[in-house]
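Survey of secondary and tertiary structure
This is what each chain is made of:
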Amino acid sequence: MRTMQSRSYLRRAMHLGAVAALALMLGAGAPDAQARKRGIVGQPAPTWQGLDTWFQLPKGKKALDVSDLKGKVVYLYFFQSWCPGCHSRGFPTLQHVRHQFGSRDDVIFVAVQTVFEGFHTNTAKKALSTVESFSLDIPTAHDPGRGGSGSLLMKRYRSGGTPWTILIDRKGVVRFNGFRLHPDQARARVETLLAESP
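Computed from a predicted structure; not experimentally measured. (Residues numbered from 1 in each chain as written. Predicted model: local features only at pLDDT ≥ 70, side-chain atom pairs only at ≥ 80, totals over all residues. Heavy atoms only, no water.)

For helix α6 (residues 183–195), which comprises 13 residues, the first-to-last C-alpha distance of 19 Å matches the rise-based estimate of 18 Å (1.5 Å per residue) to within 8%. Those residues of α6 not exposed but buried are A186, V190, L193 and L194. End-on view of α6: buried residues confined to an arc of 100°, all on one side of the axis. Its buried side turned inward, α6 meets β2 (73–79), α3 (84–101), β3 (107–114), β5 (164–168) and β6 (174–178). (Helix = DSSP H or I, 4+ residues; strand = E, 2+ residues; numbered from the N terminus. Expected span 1.5 Å × (residues − 1). Buried < 20%, exposed > 50% of the residue type's maximum accessible area, 1.4 Å probe, protein only. Arc of directions from axis to C-beta. Contact = heavy atoms within 4.5 Å.)

What follows is the structure, given as C-alpha cells:
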C-alpha cells in the first residue's frame, strides 16, 4: 500500500513539476522580458546628477557628469567595497586598462560605489580607501541613493549588481555593459571606441 501511495505521489510531483516548467517557458507569472533585461547598450548614457560625494576630481571640479565628457571614451566602473568579485576581477581589469590608456586625455576612468546592500559597511570612506588600495587616482563617487533607497546610477544604467563595467563612446552612447570583462577584451573595446570619430 505504501509503495502505491509513494508512486502516486511521485507521479503527481512530476506532473506538477512539468506544468511549472511549461508555465515558466511560456512566461506565465514571469516578469516581462524587458523587466528582466539588464543594461542599456545602444542608449544615451544617463546623467550622474544627484551624486553628492566625489573624490579625486580634476582641480576646480566639485562633481562630474557624463555630459561633461562628450568627445571622450568613458570607462565607468560600479563596485562595492565588500564585493569579492570587484576585488578579484573588476578592479584588476580596470587597473590593466587604466595602465594602457592612462596617459591619454581622450579616455576617462570613473569609479562609483553603487550601494544596494550593506549600507553601514559600504560607506563613502570605504569607497575611497578601496580605490586607493588599487593605486587608482581616478574620479570616484559614492552612490547610496536618496535616503538609503539604493544607488541612483544602478537604476539609471539598469546594472545587475557589482562588479559592473560600462563603456561609453565619444557621442555619449553606452556601447558595453556587463559583469565580466577580461582585461584584453576591455583594452580591445576601448581601442575600437577610440578609433571611431567623435
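Looking now at the pattern of salt bridges. Under the counting rule described, the total for this entry stands at eight salt bridges. The residue K61 makes a salt bridge to D68 at a minimum N-O spacing of 3.6 Å. For K61, a relative accessible area of 38% translates into the label partly exposed. Since its relative accessible area comes to 39%, D68 is described here as partly exposed. Salt-bridge contacts for D106 lead to R104; the nearest nitrogen and oxygen are separated by 2.8 Å. Looking at R104, the relative accessible area reads 36%, which means it is partly exposed. Among the charged side chains, a network of salt bridges with common partners joins R104, D106 and R170. (Salt bridge = Lys/Arg side-chain N within 4 Å of Asp/Glu carboxyl O.)

Our next topic: the nonpolar core. Within soluble globular proteins, side chains that are nonpolar tend to cluster in buried spots. Counting residues in each nonpolar core, the largest one holds 25 residues, and the members touching the most others are Y75, F79, F91, L94, F109 and V190. For this core, the elements supplying multiple residues, two or more each, are β2, α3, β3, α4 (124–133) and α6. The element contributing the most residues to this core is α3, with five residues. Within the second largest apolar cluster, 20 residues are counted, among which are I40, V112, I166 and I168. (Core = buried A, V, L, I, M, F, W, Y, C linked by side-chain atoms within 4.5 Å.)

A word on the sheet that holds β3. Reading across from one edge, β1-β4-β3-β2-β5-β6 is the order of the six strands in this open sheet, with mixed pairing throughout. Both outer strands of the open sheet, β1 (53–55) and β6, are each paired with one neighbouring strand and no more. Ignoring strand direction, the axes of neighbouring strands in this sheet form an average angle of 20°. As paired strands, β2 and β5 are joined by five bridges and run antiparallel to one another. Considered in β5, the bridge of L76 is made with I166. Sitting on the sheet, α3 is in contact with β2 and β3, with an inclination near 160° to β2. (Pairing = 2+ DSSP bridges. Axes fitted to C-alpha atoms, helices over the stretch in contact; angles between N-to-C directions.)

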